[in-house]
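An overview of the molecular structure
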Amino acid sequence: MKLWNVVWLILILQGCSTQSTQPLSTAEKPMPGWFLQLPTDKAGKALYGAGEGTSRKAAIQAALVDIASQLSIQVASDFETRLNVKESTYTLVDRSTQKQIRSQVSEITIQDYQVLEVERLSYDKYVALLEVSKRKLFNDLKLQVQQQVSLLTAAEQNQSPNNALVQYLFYQNSLDSLKTFEQTLRILETLNPTVSLQSYRQFLTHYQNQANQLKSQIQWEIEADQPSQKWVSLIQHALSQKGFRVATSVASNSATVVRLRTQLNSSQAYGFHIARVVLNIDILSQGISVGGNQIHLKGQAVKSLDQALNNVATKLKKQLEQQGINQVVGLRHL
């Protein structure tokens, strides 16, 4: 009996081995029609985007980028149209401004979207189709603008009226956070051409005017110890280039001061005079430190220590030119 069982098992295995096996198909599916030709919304209430990626998530992200890219082109186009209408004699559109608009709009975050299609074309290739409601995107962006305005308005009320530099730094810092504000307003106008955003533009203009007015009130003075005298003219020039007024002498009641203190370590080696400098910069507003920096510089020369210090001055000048006065003195939003 056992022998017959073994025989039957052998026959079954032989039968299975004679059947042909079909390998898994590696052929890639063709691109779906909706990927090659995006849906159209005749009512103009939605934006569509398609994307491709190595995963479902990557394809959806690519589709979001596609929507933002389309929107950026539309916003830049609307900007060009409004510019040409406003300035009938203006024939050369500012291409750099258009490029900036496209770049900034392309970076917007789209959170509320609907996934219409996701298809796997091969092992590591997915495509996705998304839809974004213009109304929802408009509401989301407008809410962001309103929140930003509310936060800055509340912070503005806490500014001291007696300290021009601190106020100026506040407005400059705020304007830095508002770099994409105008572009966001342009997006809102593109999404809803009938909306009035005049109050938001007035808000932005107010901050720009306040910063300019406060800047005109500030007069910098340089207070330097004896070893720092070689750097004074460099700091004065950099501040002047930035559009500030700089006093030629220090008054006892100075409101805004750049204080320079230098630690010098000199030596000689292999016929060279070497100057190692630690420059401490402190920014004072009404006697209170509001910023500062410490810079390490090294200079060398053959003839004298003074020439080595001139070499240090040359390096400081180069640093001011490359990095800007903001970074050198330790005030980011100067």
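Scroll up a little and you will see the structure.
Every value quoted in this text rests on a predicted model; they were computed, and no experiment measured them.

Inspection of the entire model under this criterion finds 10 salt bridges. Salt-bridge contacts for E223 lead to R261; the nearest nitrogen and oxygen are separated by 2.7 Å. In this pair, E223 sits in strand β4 (residues 219-224) while R261 sits in strand β6 (residues 256-269), placing the two residues 38 residues apart along the sequence. Through salt bridges with shared partners, one network takes in E182, R186, E189 and R201.

For Y270, which is not a glycine, the phi torsion comes out positive at approximately 55°. Here Y270 shows up in the loop between β6 and β7 (272-285). On the basis of relative accessibility, which here comes to 84%, the residue Y270 falls in the exposed class. The backbone of Q286 sits at a positive phi, close to 55°, despite the residue not being glycine. For Q286, the position within the fold is in the loop between β7 and β8 (288-301).

Here we come to the packing of helix α5 (residues 134-156) against helix α6 (residues 164-177). At a minimum axis separation of 11 Å, α5 and α6 run at an interaxial angle of 175°. Judged by the angle between their axes, α5 and α6 are roughly antiparallel. Contacts from Q148, L152, A155 and E156 in α5 reach F170, Y171, S174 and S177 in α6. Here the contact of α5 with α6 is composed, by residue class, of four nonpolar, three polar and one charged.

The next point concerns the pairing of β8. When β7 meets β8, the two strands line up antiparallel, connected through 13 bridges. Of the residues in β8, the one forming a bridge with S285 is I288. The antiparallel hairpin formed by β7 and β8 contains two residues in its connecting segment, where Q286 sits at a positive phi of about 55°.

With that settled, the discussion passes to the packing of α5 against helix α7 (residues 181-191). Two elements in contact, α5 and α7, have axes whose closest approach is 10 Å; the angle formed by their N-to-C orientations is 150°. Classified by the angle between their axes, α5 and α7 sit roughly antiparallel to one another. For the pair α5 and α7, the sense of crossing is left-handed. Counting all contacts with α5, which are made through K134, L137, F138, L141, K142, V145, Q148 and V149, the residues of α7 involved are F181, T184, L185, I187, L188 and L191. Grouping the amino acids of the contact of α5 with α7 by side-chain chemistry returns 10 nonpolar, two polar and two charged.

What counts and how
- Residues numbered from 1 in each chain as written.
- Predicted model: local features only at pLDDT ≥ 70, side-chain atom pairs only at ≥ 80, totals over all residues.
- Heavy atoms only, no water.
- Salt bridge = Lys/Arg side-chain N within 4 Å of Asp/Glu carboxyl O.
- Helix = DSSP H or I, 4+ residues; strand = E, 2+ residues; numbered from the N terminus.
- Buried < 20%, exposed > 50% of the residue type's maximum accessible area, 1.4 Å probe, protein only.
- Axes fitted to C-alpha atoms, helices over the stretch in contact; angles between N-to-C directions.
- Parallel < 35°, antiparallel > 145°, perpendicular 65-115°, else oblique.
- Contact = heavy atoms within 4.5 Å.
- Nonpolar A, V, L, I, M, F, W, Y, C, P; charged D, E, K, R; others polar.
- Pairing = 2+ DSSP bridges.
- Left-handed = near helix turned anticlockwise from the far one by under 90°.

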